[in-house]
Amino acid sequence: MKVEFDEDTCIGMFQCVAEWDAFEKDKSKGKAVLADSEEVEDGIFVREVPADAELDAKFAARSCPVDAIKIYDDDGEQLIP
C-alpha cells in the first residue's frame, strides 16, 4: 500500500497528524509533512505504508478535509478518496 500526499493542496488542519504518526506538523509552512517520503513531482510526496499502519493511513486520508491524501493498494488502484 502507498500513500500520496499533495502538499500544495494541504490547508494545515493537521487532522492527519492526529490519525497517523507519519504525518507531522510544519508550523513554519502551515502544512503537514509526510515523514520518510519521496517527492515524486513538485509538491507530491509518496511513501510505502507499513502493514501495521494501513488502518492509520486510511484514517489519515479520510480525515483530510481537502483530499490532499490518497491511498493506493499494491496494484496501484486508488482506494481513498
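The structure presented is a predicted model; accordingly, all values stated were derived computationally and were not measured.

### As for the environment of F59
Relative to the helices and strands, F59 resides in helix α2 (residues 54-63). On the accessibility criterion, F59 (40% relative accessible area) is partly exposed. For the pair F59 and K27, spaced 32 residues apart in the sequence, the C-alpha separation amounts to 22 Å.

### Focus on the pattern of salt bridges
Any two side chains of opposite charge can pair, so long as their charged atoms come close to each other. Per the stated rule, a full pass over the model turns up 1 salt bridge. Close ionic contact of K29 with E7 constitutes a salt bridge, the shortest N to O distance being 3.2 Å. On the criterion of sequence distance, the pair formed by K29 in the loop between β2 (23-26) and β3 (31-34) and E7 in the loop between β1 (2-6) and α1 (15-19) is long-range, its members being 22 residues apart.

### Some words on the sheet that holds strand β6 (residues 69-72)
One open sheet accounts for 5 strands, arranged β4-β5-β1-β6-β7; its pairing is antiparallel. Each end of this open sheet is capped by a strand with a single partner; those strands are β4 (38-41) and β7 (78-80). Direction aside, the axes of adjacent strands within the sheet are offset by 35 degrees on average. Strands β6 and β7 of the sheet are contacted by α2, whose axis makes an angle of about 140 degrees with β6.

### Quick word on the side chain of K31
Relative to the elements of secondary structure, K31 occurs in strand β3. No salt bridge is formed by the buried K31; its nearest oppositely charged neighbour, D8, is found at 5.5 Å. At 3.2 Å, the side chain of K31 and the backbone oxygen of E7 are in polar contact. Polar side-chain contacts of K31 include one of 2.8 Å to the backbone oxygen of C10. Once residues lying within four places of it in the same chain are set aside, the contact partners of K31 are E7, D8, C10, G12, F14, E24, K25 and D26.

About the criteria used
Residues numbered from 1 in each chain as written. Predicted model: local features only at pLDDT ≥ 70, side-chain atom pairs only at ≥ 80, totals over all residues. Heavy atoms only, no water. Helix = DSSP H or I, 4+ residues; strand = E, 2+ residues; numbered from the N terminus. Buried < 20%, exposed > 50% of the residue type's maximum accessible area, 1.4 Å probe, protein only. Salt bridge = Lys/Arg side-chain N within 4 Å of Asp/Glu carboxyl O. Pairing = 2+ DSSP bridges. Axes fitted to C-alpha atoms, helices over the stretch in contact; angles between N-to-C directions. Contact = heavy atoms within 4.5 Å. Lys, Arg positive; Asp, Glu negative; His and termini not counted. Polar contact = N/O pair within 3.5 Å; in protein donor to acceptor, adjacent residues only side chain to side chain.

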